[in-house]
Amino acid sequence: MSDTPSPAPPAFLGVETSLTGRRWTGPAPALERLAEALAQDTGLPLPLCRLLAARGVAPEQAAGFLAPQLRDLLPDPRGLRDMERAAARIRAALSARERIAIFADYDVDGGASAALLLDWLRALGHDATLYIPDRIDEGYGPNVPAMQALARSHSLIVCVDCGTLSHEAIAAASPAEVVILDHHLATETLPGAIAVVNPNRQDEDGRLSHLCAAAVVFLLLVEANRQLRAEGVSGPDLLRLLDLVALATVADVAPLVGVNRAFVRQGLKVMARRERPGLRALADVARMDSAPSAYALGFLLGPRVNAGGRIGQADLGARLLATADPAEAEALARRLDELNAERRLLTEHVREEAMAQAEARGLDGPLVWAAGEGWHPGVVGIVAARLKEATGRPAVVIGLDGGVGKGSGRSVSGVDLGAAVQRVAAEGLFLKGGGHRMAAGLTVAQEALEPAMARLGALLARQGADRPGPRALHVEGLLMPEAATLPLAEQIESAGPFGASAPAPRFVIPSASVSARRIGESHLRLTVRSSAAPLEAMAFGAFDSPLGPALEAPGHRLFHLAGRLEINSWGGRSKVQLRLDDAAEA
């Protein structure tokens with residue numbers, strides 16, 4: 001048997017190096033055959049069937065996949081350990097009119113999780129106390145002073161999107177009892193709460209490890225309503241809460257597969273009704289002029305909700321999501337919009353310094369990292385994501401203050417950053433650290449910075465982070481401009497929403513001529529022709545790479561164009577356009 005590695009499949013259309021320096025890859029021949037068979041069996045268009053085949057959808061499953069029903073995909077909440085106990089304890093607190101505090105993380109997932117509980121409790125006539133720690137003064141998760149203070153006036157504290165690693169702080173809450181609803185990676189030993197509901201506990205089977213914290217809280221409410229029904233009590237309507245679950249799922253970059261996909265699809269429908277004052281006000285300040293989409297959740301609404309926790313008052317986002325007062329919602333939304341604008345300026349400043357430092361250190365190792373005095377802890381995660389995208393390697397960015405660094409990291413597919421950070425923390429090189437596969441947070445003493453990052457890099461190298469291979473752009477296949485119709489785009493949208501672990505399909509318009517017009521500083525609008533039917537395209541940020549200058553240059557060259565179909569709605573009319581990702585000379 002030969003040890004010679006099998007050769008890489010040929011580049012799609014022979015594009016070894018595109019205008020943005022990527023090698024194009026297409027579907028394997030076996031997958032193409034499955035797509036053709038699927039098209040014959042279902043009557044669905046081949047471009048859609050290529051996507052369904054890539055998702056592993058069989059012919060008999062196609063209809064259900066394109067119209068997923070939450071009732072068919074919702075897992076039994078009791079499949080998670082401690083779920084019945086957690087729901088029973090919260091119900092008991094309601095019945096006894098105990099004072100309940102909700103301790104939440106300061107990001108979108110934490111804010112949405114808190115708002116879910118606050119909304120549900122309010123519907124049953126109970127007001128709870130919201131507590132969100134300050135990112136700079138208190139850091140992530142429960143801390144001893146805060147838990148002790150809450151315990152003095154509350155008998156039940158519910159920690160959402162945090163708490164799994166907070167052994168000392170949970171113990172300090174006595175005599176109050178603590179319920180933890182979380183999704184971050186756990187160690188073998190759990191804190192002394194009366195219930196720890198977390199699909200990423202080490203004694204869970206991992207089937208629900210893709211859930212964000214808000215989804216875990218939603219399942220808790222499903223179980224609590226079930227227990228109420230057993231007592232003859234009608235619980236609040238949970239379907240109206242799915243807008244919060246959808247927002248958290250997308251903003252926390254949870255994989256859009258299985259029940260997560262149904263959560264987001266149904267949540268977008270709820271959000272379109274504009275019934276929640278906070279999200280309605282936020283959509284207005286973000287100037288959303290079309291129906292909500294996964295893109296809007298991730299890039300318009302999510303960053304604004306996050307802005308309070310990043311550089312402002314930590315509880316602004318959760319208060320916005322939970323409020324029933326339209327006037328309060330409008331004031332909070334305006335403030336978050338202002339903070340988000342400030343956050344963008346801070347982010348760009350730190351990004352420039354971090355990239356220069358990382359380049360000086362070298363970008364070919366298993367970890368790209370940078371640390372700077374005074375870098376705002378609220379933007380280091382965003383900058384880490386930018387470094388990861390630019391280099392194709394896991395990235396960590398750390399803000400130093402008073403001899404202590406607080407950092408955030410983002411990973412690449414196939415590299416579990418959270419587990420590596422947790423390992424370094426367990427070895428004592430980080431003061432604190434944890435997270436999940438794609439994102440992690442850490443605290444490190446400045447004198448331990450170099451050895452700690454060296455150790456983290458070594459652990460990531462074991463996972464192959466120093467061997468990322470050539471940058472690739474995957475495409476589903478060819479598409480002629482005349483086939484890029486509005487009905488096809490609508491059918492492809494029915495296979496969404498698209499996001500983490502479920503990217504939108506990308507097609508190639510071959511051998512096309514283009515006419516281009518610059519929009520603003522960095523965007524490009526194109527008219528694409530490869531036969532009689534033209535197709536409009538947009539290349540956002542085109543002049544941040546060689547893509548813009550090449551396509552704008554005069555001449556009669558032909559290009560292969562890779563991009564995603566999208567529906568552009570404006571003034572009550574909809575049309576299809578190509579969102580261009582890459583191009584190569586034909």
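Everything that follows concerns the structure shown earlier in this document.
Please read all numbers here as calculations on a predicted model, not as lab measurements.

*Asks:* Where do I start with the sheet that holds strand E5 (residues 177-181) in this structure?
*Replies:* Remark on secondary structure: sheet strands pair via backbone hydrogen bonds, oriented parallel or antiparallel. The strand order across the open sheet formed by 5 strands is E3-E2-E4-E5-E6, and the pairing between neighbours is parallel. At either margin of the open sheet sits one strand with a lone partner, and together these are strand E3 (129-131) and strand E6 (195-197). Sheet twist, expressed as the average angle between the axes of neighbouring strands with direction ignored, equals 20°. The pairing of E5 with E6 spans 3 bridges and is parallel. Bridge assignment links Leu 181 to a residue of E6, and that residue is Val 197.

*Asks:* Got a minute to help me understand the packing of helix H6 (residues 108-123) against helix H9 (residues 213-230) in this structure?
*Replies:* Helix-helix packing is characterised by the crossing angle of the two axes and by the distance between the axes. Between H6 and H9, the least distance of the axes is 8 Å, while the angle of their chain directions is 15°. Compared by their axis directions, H6 and H9 come out roughly parallel. When you trace H6 past H9, the crossing you get is right-handed. Touching Asp 109, Ala 112, Ser 113, Leu 116, Leu 117 and Trp 120 of H6 are Ala 213, Ala 214, Val 217, Phe 218, Leu 220, Leu 221, Ala 224, Asn 225 and Leu 228, all from H9. Per-class residue counts for the contact of H6 with H9 are 12 nonpolar, 2 polar and 1 charged.

*Asks:* Would you mind going over the packing of helix H10 (residues 242-251) against helix H11 (residues 258-272) with me for this structure?
*Replies:* Direction vectors running N to C along H10 and H11 enclose 125°, while the axes themselves pass 7 Å from each other. Comparing their axes, H11 and H10 come out oblique. In this structure, H10 meets H11 at a crossing whose hand is left-handed. Where H10 abuts H11, its residues Leu 242, Asp 243, Val 245, Ala 246, Thr 249 and Val 250 lie against Asn 260, Phe 263, Val 264, Gln 266, Gly 267, Leu 268, Val 270 and Met 271. Taken together, the residues that form the contact of H10 with H11 break down as 9 nonpolar, 4 polar and 1 charged.

*Asks:* Got a minute to help me understand the environment of Gly 435 in this structure?
*Replies:* As for its position among the elements, Gly 435 is in strand E10 (residues 432-435). With relative accessibility at 7%, the residue Gly 435 sits in the buried group. The spacing of Gly 435 and Arg 410 is 25 residues in sequence and 10.0 Å in space, taken between C-alpha atoms. Sequence-distant contacts of Gly 435, that is, excluding residues within four places in its chain, are made with His 184, Leu 185, Gly 418 and Ala 440.

*Asks:* I'm lost on the packing of aromatic side chains in this one. Help?
*Replies:* Aromatic ring pairs are described here by two measures, namely the spacing of the ring centres and the angle between the planes. Across all of its chains, the model carries 3 aromatic pairs by this definition. Plain terms: the ring middles of Phe 218 and Phe 263 are 5.5 Å apart, the flat faces sit at 75° to each other, and that makes the pair edge-to-face. Remark: Phe 263 occurs in helix H11 and Phe 218 occurs in helix H9; sequence separation between them is 45 residues. A relative accessible area of 2% means that Phe 218 is categorised as buried. Judged by its relative accessible area of 1%, Phe 263 falls in the buried class. Across from the ring centre of Phe 65, 3.9 Å away, lies the NZ or CZ of Arg 261, which sits over that ring. Across the ring face of Phe 543, the terminal group of Arg 518 is positioned such that the distance to the ring centre comes to 3.6 Å.

*Asks:* Looking at this structure, I do not really get the pattern of salt bridges. What am I missing?
*Replies:* Opposite charge on two side chains makes pairing possible when the charged atoms of those side chains draw close. For the structure shown, the criterion picks out 34 salt bridges. Across the pair Arg 50 and Glu 32 runs a salt bridge, and its minimum N-O distance is 3.1 Å. With Arg 50 in helix H2 (residues 46-54) and Glu 32 in helix H1 (residues 29-42), this pair connects stretches of sequence that are 18 residues apart. Residue Asp 581 pairs with Arg 506 through a salt bridge whose shortest N-O separation is 2.8 Å. Of this pair, Asp 581 sits in strand E18 (residues 573-585) while Arg 506 is found in the loop between helix H19 (486-493) and strand E14 (507-519), placing the two residues 75 residues apart along the sequence. Linked by salt bridges that have partners in common, Asp 76, Arg 78, Glu 84, Glu 223 and Arg 226 make up one network.

What counts and what doesn't
- Residues numbered from 1 in each chain as written.
- Predicted model: local features only at pLDDT ≥ 70, side-chain atom pairs only at ≥ 80, totals over all residues.
- Heavy atoms only, no water.
- Pairing = 2+ DSSP bridges.
- Helix = DSSP H or I, 4+ residues; strand = E, 2+ residues; numbered from the N terminus.
- Axes fitted to C-alpha atoms, helices over the stretch in contact; angles between N-to-C directions.
- Parallel < 35°, antiparallel > 145°, perpendicular 65-115°, else oblique.
- Left-handed = near helix turned anticlockwise from the far one by under 90°.
- Contact = heavy atoms within 4.5 Å.
- Nonpolar A, V, L, I, M, F, W, Y, C, P; charged D, E, K, R; others polar.
- Buried < 20%, exposed > 50% of the residue type's maximum accessible area, 1.4 Å probe, protein only.
- Phe/Tyr/Trp six-rings, centres within 6.5 Å; stacked < 30°, edge-to-face > 60°.
- Lys NZ or Arg CZ within 6 Å of the ring centre and 35° of its normal.
- Salt bridge = Lys/Arg side-chain N within 4 Å of Asp/Glu carboxyl O.

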